[in-house]
Structures are given as C-alpha cells and as structure tokens.
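Notes for the structure review
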Amino acid sequence: MRISSIAVERRLRFALAIVAVLVLHSKAYAADFYVDCSLLTDGVGTADAPWNNLATPSALTFMPGDVIALKRGTTCVGMLAPLGSGEPGAPITIGAYGSGGRPVIVAAERPAAVALFNQTHWAIRDVETNGGNPHGLHISGDTAATLSYFRISNVSVHDVGGVATTKQSGLIDISPAPGAATVVDDVVIDGATVFNTEQWKGIHVGCANGVFPARNPGRIIIRNSRASNIAGDGITIYACSNGLIENNVSYDIGTASTAAVGTPNAIWTWACADCVVQFNEGFRSHSPARDGGIFDIDWGSSRTTVQYNYGHDADGYCVAIFGAWGLVTTNSIVRYNICANNGRSDPYLQGDIYLKTWDGGWLDGVEIYNNTIYWNPAAPSSALVNRENSLVGTGPHFFKNNIIVSSTGAFVSADDNLTLDHNLYWALDGAPVWEYGSGWWNSFTSFQSAAVEAHGLYADPLLTNTPDLPDRPLTAFTLRPDSPAIDRGVTISSMTGHDFFGVLTPQGNAVDIGASEYEPAMNLIVNPSFEFDLGTVQTPYGWSTWSSAGQDYADYTQAYADGDSPTYYGAHGVPHSYDVFTYQVLPGLAAGSYQLTAWVKSSGGQSVAWMEVNAYGGAKRTVTIPASSTWTRVTLSDIAVAAGQARVGFYSIAEAGQWLAFDDVSFTRAAPPMPPPTDWTFCAPEGGVCAFTGTMEVRYGATGSFFVKTLTNGTACTNAVFGDPAPGTPKQCAIGTLSTPPPMDWTFCAPEGGVCAFNGTIQVRYGANGSFFFKTFTEGTACTNQVFGDPAPDVAKSCSLPLTGP
Amino acid sequence: MTLLAKLSGTLSIVLPLVFSAPLPAAAQAERIPIVAGGLLTGSCSTQTSVSVTAAVTPGHSIADSGATSKWLSAIGSKAVLLSFIDTSEQSTNGPDNPDMSRRLLVFIRSVRTQHSTDALAVALVDGSGWSKSEDVERLVNFRSDNGLVDTPMLVGADGMRAMRELGVRCLPTTFLVDRDARITARWEGLVLPATIANAIAAQGHVREVAR
C-alpha cells in the first residue's frame, strides 16, 4: 500500500513537472529550471519549488535556451541525462545557482554522472561530479549526424569507478559511439578539473571514428584544465581538425598496472589535422610499458604543432612523433619546448625527443627546433632517438637550434634521414656520445670531423641557475649574457617570432639556440616611467627622496594631461627655493658595465640640475640636464659597477619657479663582449693528467663552475693547479680552442697525411680532440705534422677549413 | 564606513585569512580609485606568454609595503607566490578568450602541487574591485570552484591597497617573495610554470614534493 502511494505520488509529481515545463514553454521563450536536492519534498522545477532529484529533469525534453540550474552546496545522487537539443545561439545549459561549492552529482556505479546522447548545443558548467562507471561526463551519439556545440566550463569530474577494459572510458569523454558515423564538432572544454580514476581517459574529444578526412568544421578546444591521477591518458584529441590544447596541466597519469588497454601519455593528439598543443605543463607521466611520455603527435596527424610547452619528470619522453598503421604523419613541428628530467623510468630507451614509425606508417615533414632539453635519464639512453624509421616525402626532416644538456653524455641516436645542425650540446658528466647513421663518436671534434653537423657546438650553454643533479628538477632555462647559444641559431622559415618566454626573436644578429632568446638590455629601474602610483603623488613608488632642507615634498609625479587614463612623469619644483634629490638604490648588481639614461626637460636656471650615479664602486658621475621645453635624452654610459649596487637619481638646487622633469629612466647592463666561441673537449678527470703539446686554454670544474688557465705542454688536473671552482663536486679538465682561432665553424677537409685542397688564401686548422694548430695557406696544403707541428701526439688528426656561411 | 569596508568586513568572517586590519589614517584619506564595476587597472597585455619585468629589482624588500607586508608575514617564514588576479573574469567560451587570471590559476595550482607547503605558500589578491553586493557571492564561488578556499586572499579595499603598495599596474601580476620578504621576481600577464620553477629554483631553499 505504501509503495503504491509513493508510485502514485511520483507519477503525480512527474505530471506536474510536465505541466510546469509546458506552461513555462508555452511562452515561446526559454525557461530556467531549478534543482535543489537538499529539499525533502519535490517541486515543479521553479525557483520557488525546485525539483529535488535528477530523475525528473532526466525524463524531460528541454528546449533551446533552457537552463537547468542545480543549487550550490547541495548533492544529488543519480545520473543527469536530460533530453532535447539546443540550437545555434540558444544552447541548453546545465549550471548552478546560489552560493557555495559547486553542486555535486554522485553517480556511484551509474554509467555516468552527466550524459547526453545524440543531442546538440549544450553547455555544462559549474558542476562537480563524483563517480560513474565507466564515465563521469559522457557526450556521445550513434546516428549519422553531426553533434555540434558543446561547452564544458568550470567543472570538476572525479572518482569514476571501475577499471579500464577499453579506451572508451574515463572522466570526460566527448566522442561518437564505437563504429558510429557520428561526427562531433565545435567543442570547448575550459576550466575542467578531472582526477582519480582507473578508467582510461582524463579529458578526451574524438570527432569521428574514421580518421580521414576529419569532418568537423569548427574548433575543438581544451584549455585551462587539469588532469591527474588517471590510469590512462591525460588529455587527448582524436580524429579532429582545428584542435587546440592549451594552458593545461596534466600529471600523475598512466597509473594502469598493465598495458592491456594501452600505453598512455599526458597530452597528445592523433589523426588530428591542423592541431596545436601549446603552453601546457605535463609532469610525472607513467606507463606500464612503452610511452609514459608528456606530449605526442601520433599516427595519422597532419600539420600538428607542439610548442611552448613544459614537460618534466616523466617516466618516458618529452615529445614523440609517430607514424603507424599505413598512415602518414605530415608536417609535424616541435619547437620552443622545455624538457627537463624525463626518462625517469624508461627501459625502452625512448629518449626525450622520440621518433618512431611502425606497421607501414611514415613521417613526411619533421621540424624540431629551438627546444631546451635537460636530459637526465635513469637508464643510459640518448636524448634524441630516431632509429629505423621511415622519414620520407617532400617535407623537411631536421633537428636544429636545440640545446641538449645531458647528465650522461648521450645526445643523439639517429639515422641520417634526420638532419642535425646548429644544436648546442653539453655533457654534465661522462664522455659525450653521438650516434648518427652508422657512425659513433665520443668527442665533439671527431663528431664534427664526420661532417654530420656543420654548425653544432659543444659548450656549456651557460643557463641561469645551473642545476644540481640528480635530486631535483632541472629548472635553468634562460641564457646568461655570456652564453655561447646567443646568436648561434639558424633562421627557420616556420618560426613564430618569439621564444618560450615571449621574448621576440631574434634579439641580436641571429636567433639563439634553445627555447630562450637572450634579452640583452633589461631595465633595472623600479617604476621607471612613474606610472605605478596611478596618480599625482609625492615620492613616487620605488623612489626615495632626500633634501638637505627638509623639502622632500619638492618631488612628485605629474600627469601629462587630464583624461581617463593619464600618464605621468617625475618632477621637481615648488614656489620657493628648494633642494631635492629623487633616487633609488639598485642592489644585487653583478659587476660589469651599465648605462643610465632618462628623458628630461628643465626650466633652466637651477644652480644644480643633474642626473647622477653614485655608490657603484667608482666616483660619482653626473650629467647636467639642459634647459629645454622639449624632452631630451641624457645618458651616463660605461658605468663600471663593482660594489654590487648603484644609486641613481635626479638632483635639483633651485629657486622658486624653476623646475625639472624626468621620465622613462633606464639602467641597463651592457652586454659583455662576446668571447670567441669555445669548444671544450674532455681531457682528464680530476686527479688525472691532461696531456697536450703547445699552449692551450684548459678549463677545470663541473656543473657550470669553472676556472680557466692558459697552460703549456699539459697539466695536472687538480685543485692545486686551478683552485677549486666547485667544492665537493667531481671535476674534470677540458681543452679549449679559445686562444687561437677566430669565431667560426669548421668543416672537414682532409685526414692526416692527406692533402687539403682549396682556392685562395685560407686559415687551416689541424689536430684532433680539441687540440689544434692553425696556419694560413694559399691554394692548399699537406695535412701533416711536418707542416703544422703535432698538436695531438698519437692521435689521428685532420685538417679543417672555416665554414663561411650557414 | 564605506561600502567597501563593509564588504571587506563581511568577507573577513566568511573567508579565512582575509586581512581586515583598519587602514592607517593617512591611507583613509587617500582615494581608492575604484570605478563602477571595473578594475583599478587593466588586464595585462600579454596573453600567450610571460612578461618578466624588472620593475621591481630582485632583492627589493616587500617589508616596506605596509599592510601587505603584515598580511604576508602572517603566512609564515616561507617563500610566497603572490598573485594579483581578476576574479570577475568569465570564460567567454570562445576561441580567443583573454581570461588570463583564470589561465594563470591553472599554473599557480600546479606550482602549489609540486612544492612543499611548508616551504612555499600561495597567496592571492583580488584586484577586480568591489562595487556591488553580488561580488561577495561571486568571490565565494570563485574560491570554491578553483580550490582556493584554504588559500589566503586579500579582497575589496585591502586588495586595492595591496595593489597600490606593490605598484601593480595590470592583472594578473605575480610576485615571488623569498622567505626574507624580498621580491625576487615579478611577472605581468600569464607566467608559465617553467618560468616560476626557474625563479623558485634560483632561491635555492624551496624544495619540491617528493616524486
């Protein structure tokens, strides 16, 4: 009897709800419906009488423009699967109302917490889901139709139950049913937080079941989202065009215990056309077998770009490019990414940049450039791996302008179908190793002699904040002023014009190597343009005032003109005699040459009106500010800072009515003169003997801290000889070629005993392993000890000629 | 008491660690230039990359920044990642939305995930301005939705004061402050996690969460 009453009551309520919907919709415009699952009694979906369950709205067909709003701070148990479709300009929205935490939908073991099937034009926002099996939020279809316009924003989807048995599972999945002819189009997922599942996917959008051609005309965007603690992949797009994955973070993915379903990555795309993956961070990727990487341009993709991403601390690689299943992956670009401390658990030795083709797939067009790679693998593998792959077709295939800093010395293991050039290599420990084609080299000199990489460099890139290995992430990514990577890259036609950090490229005569472009002049002045105070104030922000007569009120900021957004400048002047000094002290300055400039104008007539620099380690310097009613630039250059600081400012001693104005103050460090490019070749470990003949530059140290001496006929490699540049750290000696050659790159000419033939008069380098003698000849020379002397006894040497252009 | 002060007082009850000390007399006399429904300053111009400014010299102390300094000192002796954000931003659901504060928070939360909480704190300042009572609900929801309920946050007039004290010109702006209260980095616009990681590593004493 009781059950029957409840059933009747439910049917009655359902009927009332239907009536409510009909009444509300009878007005021919969209309506808002309300759900408050904290209520004991069910209502009719209005603000005054909300529904108190998900079953009622899940049984109704909603109209374009309708809103289903769940009350914040409440929890509903069940699955929300409302019916109906919106239309262009009038989507149906699932959202929230009120104040507090997002409304929670607890799905337990239901198929999903929120589900839409064969529906279009929906927005889902401001809700949290807990549970579901095998999905949390699932949008799908099985008709031969295009399902368009889905907007998912500010949602939290977590703790989907079950264990993955298929890749069609996970937290947010928007894709056609398996085998269906459905197309998904125009999707934006913005601000989704997904976590905790042993199902496969974190956030996934699949546009079709076939791969060619992708038929969605609109954009597919996943941005500002976080995916973590997932058995399979973090964030993926499949079989779509115009995909964009940006500004996301994906970590702790790939926790599956077996590879039965697959091998995951943090953020990747496949069968994707014109897709971009940028400004993302991925870390702590895992896998039960292969992969376990961060980013991946996978099989069947065309024109995919992976740029400006940060991938670190993965078990596997940083970026992979794959071709498989008889499909071509075309025009892949991997640029300006930072990869650090990956390969943490990779028995498959995939490297940090990994290219692979299999089962008839191939790559046509691979451009990998200007990435900074800290390679610190747990197993001894190379940073770049490209072996036994099919790289064919008309596209370029190259690896250029990259920095590889390797903790093991292993840089490259690649076939010769991928061109190397303009890369900068540096081994933090161990002998450097390059494997290219069928060759193998354990010194940069021998590597260069093989003419594999004409413009490569082997040098400490001199990155800021050189890291300690191996217990912490490697986080030094920008170039120091004396970095050999500066201006040593080559222009690539597909470059975008800025580096990882947004710095425009190039800053000098050429682009830099690596993901960071060095900015030579950084203004060290606080509040240089006097805009910080957003108004007329005394003693502008960042500046201090001094006055011998207590007239510190005589300096202030002044607006250029009234208006909604006035701009300001600094000024001196009051209607009586005064003296005032507006200044700031710049601490923490590295020793070097600096320049102080400002734009000024003045009434003239003051007994003192100057810009000055003092307390920098030298005598006070001033420049008089001339009388001028128009802005004039004054400069103090070649300021040799040696005291670790400087005090800069403007000083007036004046009578009533005399004034001084100053703006856009700049204090910059002059770029130090570039040293000749130096190639350093390992010579001996600490405690050993570095043997050579003649006079050589010898560098001693480790991890970016070195002492250099010019020595003759060998040396002991000890603290006693050099001092200790890196206490407590094993050091080594390396021989440089600094002292003799002009800055240039060299190309192999002839082996020892051969003839190096050329036209004209040219300087010729002879030697090996970083030990060279140089002589100038006309119309060729024999390449022998008799001609040059012996720079490297008992070592096979060669002659090289300077390379005259890129 | 102004409307702004009322709002700040209300929030100091609702939200933990919101600074609500009375303003100095001199500060009371200053204008706090909030425009109706708008920002004290504009959005930063950089959308897709970080703008590292040297406007605050590394080593500059935050100790002179009045109320903000007191607030930060209450967080404890640790490095602080201090972000001034616009909580009024809404996703435009479009392909080119300029919601940099929301984008920044994704990375701020990632940095917080990767560092020990006893070594690095995250603190926020809402620079959106306060002009109507609905803003209280908006901020409560914002903090809840973004997992920031336990994150110290200055709002209302106190937030505006902090902006003025630290010379914030646009939103978002982020400072990295070391445990000795020195500003070691300042970024306007979207700052990428690699950049933050770089700056944190330069401090040398902030440790990462064990992996």
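Here the residue numbering is sequential within each chain, running from 1 through the sequence in written order. Each chain is given a letter, starting from A, and each ligand a number, starting from 1, according to the order in which they appear as written. Residues qualify for local features only when their pLDDT is at least 70, as the model is predicted, and side-chain atom pairs are given and counted only at 80 or more; totals for whole chains, interfaces and linings, by contrast, use all residues.

Points about the overall build of chain B
Formally: A helix here means a DSSP run of H or I that spans at least four residues, while a strand means a run of E at least two residues long, and both kinds are numbered starting from the N terminus. Counting other C-beta atoms within 10 Å of each residue's C-beta, where C-beta atoms are placed from the backbone, gives the exposure class: buried for 20 or more, exposed for 12 or fewer, partly exposed between. We call two residues in contact if the C-beta atoms placed from their backbones are at most 7 Å apart.
For chain B, the count of helices and strands is seven helices and nine strands. A buried classification covers 52% of the 211 residues belonging to chain B. Within chain B, contacts between residues separated by at least 24 positions form 81% of all contacts whose residues are at least 6 apart in sequence.

Some points on the overall build of chain A
Along chain A, the regular secondary structure elements total five helices and 61 strands. Sorting the 806 residues of chain A into buried and exposed places 54% on the buried side. Restricting to contacts in chain A with at least 6 residues of sequence separation, those with at least 24 account for 70%.

Observations regarding the confidence of the model for chain A
Residues and elements named next belong to chain A. Under the convention used in this document: Summary of the metric used: pLDDT quantifies the predictor's per-residue confidence within the range 0 to 100.
When the pLDDT values of chain A are averaged, the result is 86; 88% of them are 70 or greater. Confidence drops under a pLDDT of 50 for residues 672-677, and excluding neighbours within four residues, the segment shows ten contacts in the predicted structure. Every residue in residues 738-743 scores below 50 in pLDDT, and together they form eleven contacts with partners more than four places removed in sequence or on other chains.

Some remarks on the sheet that holds strand β45 (residues 608-614) of chain A
One key point about sheets: their strands pair by backbone hydrogen bonds, in either a parallel or an antiparallel sense. Residues and elements named next belong to chain A. We apply this condition: Pairing between strands is defined by DSSP: at least two bridges between the two strands are required. Note on method: axes are straight lines fitted to C-alpha atoms, helices fitted across the in-contact stretch only, with angles between N-to-C directions ranging 0 to 180 degrees.
Across the sheet, five strands lie side by side as β40-β43-β48-β45-β46; this open sheet has antiparallel pairing. Either end of the sheet is taken by a strand with one partner, and the two such strands are β40 (544-546) and β46 (621-624). Each neighbouring strand pair of the sheet contributes to a mean axis angle of 20°, computed without reference to strand direction. Two elements, β40 and strand β43 (residues 578-587), share three bridges in a ladder whose sense is antiparallel.

Overview of helix α7 (residues 193-203) of chain B
Judged by how many residues are buried, α7 of chain B sits mostly within the fold: nine of eleven residues are covered. Within the sequence span of α7 of chain B, burial applies to Pro193, Ala194, Thr195, Ile196, Ala197, Asn198, Ala199, Ile200 and Ala201 of chain B.

Digging into the environment of Ala259 of chain A
Residue and element names in this part refer to chain A. Its location among the elements puts Ala259 in the loop between β18 (249-253) and β19 (265-270). You can call Ala259 partly exposed: it has 13 C-beta atoms within 10 Å. For the pair formed by Ala259 and Gly311, sequence separation is 52 residues and the distance between their alpha carbons is 23 Å. Excluding anything up to four places from it in sequence, Ala259 contacts Pro288 and Ala289.

Topic: the pairing of strand β22 (residues 293-297) of chain A
Residue and element names in this part refer to chain A. Here β22 lies mainly inside the structure; five of its five residues are buried. In the sheet, β19 pairs with β22 via four bridges, with the strands oriented parallel. Following the sheet pairing, Thr269 is matched in β22 by Ile297. Here β22 runs beside strand β25 (residues 319-324); their pairing, made up of three bridges, is parallel. Paired with Phe295 across the strands is Val319, a residue of β25.

Observations regarding unusual backbone geometry
Leaving glycine out, the prevailing phi sign among residues is negative, and the prevailing peptide bond configuration is trans. Residues and elements named next belong to chain A. Going from Asn133 to Pro134, the amide bond is cis rather than trans, its omega being 20°. Its location among the elements puts Pro134 in the loop between β8 (128-131) and β9 (135-140). Positive phi is not limited to glycine here, since Leu462 has a value of about 55°. Mapped onto the secondary structure, Leu462 falls in the loop between β39 (457-458) and β40.

Things to note about the sheet that holds strand β42 (residues 568-572) of chain A
Residues and elements named next belong to chain A. Ordered by their spatial adjacency, five strands build an open sheet running β41-β42-β49-β44-β47, and the pairing between neighbours is antiparallel. Lying at the two open borders of the sheet, with one neighbouring strand each, are β41 (555-559) and β47 (628-641). The average angle at which neighbouring strand axes cross in this sheet is 35°, direction not considered. In the sheet, β41 pairs with β42 via five bridges, with the strands oriented antiparallel.

Here we look at the environment of Val191 of chain B
Following the sequence through the fold, Val191 of chain B ends up in the loop between β9 (182-189) and α7. C-alpha of Val191 of chain B to C-alpha of Phe107 of chain B: the two residues are 84 residues apart in sequence and 8.0 Å apart in space.

Thoughts on the confidence of the model for chain B
All names here are of chain B. Residues of chain B with pLDDT of at least 70 account for 58%, and the chain-wide mean is 65. Note that residues 46-60 has pLDDT below 50 and, in this model, 55 contacts with residues that lie over four places away or in other chains. Throughout residues 92-97 the model reports pLDDT below 50, and contacts reaching past four residues in sequence, or to other chains, amount to eight contacts. Model confidence for the complex is summarised by a pTM of 0.71, with the ipTM given as 0.74.

Structural notes on the environment of Ile94 of chain A
Residues and elements named next belong to chain A. Position of Ile94 relative to the elements: it lies in strand β4 (residues 92-97). Taking the C-alpha atoms as reference points, Ile94 and Gly393, separated by 299 residues in sequence, lie 48 Å from one another. Ignoring sequence-local partners within four residues, the contact set of Ile94 consists of Ile68, Leu80, Val114, Ile124 and Val127.

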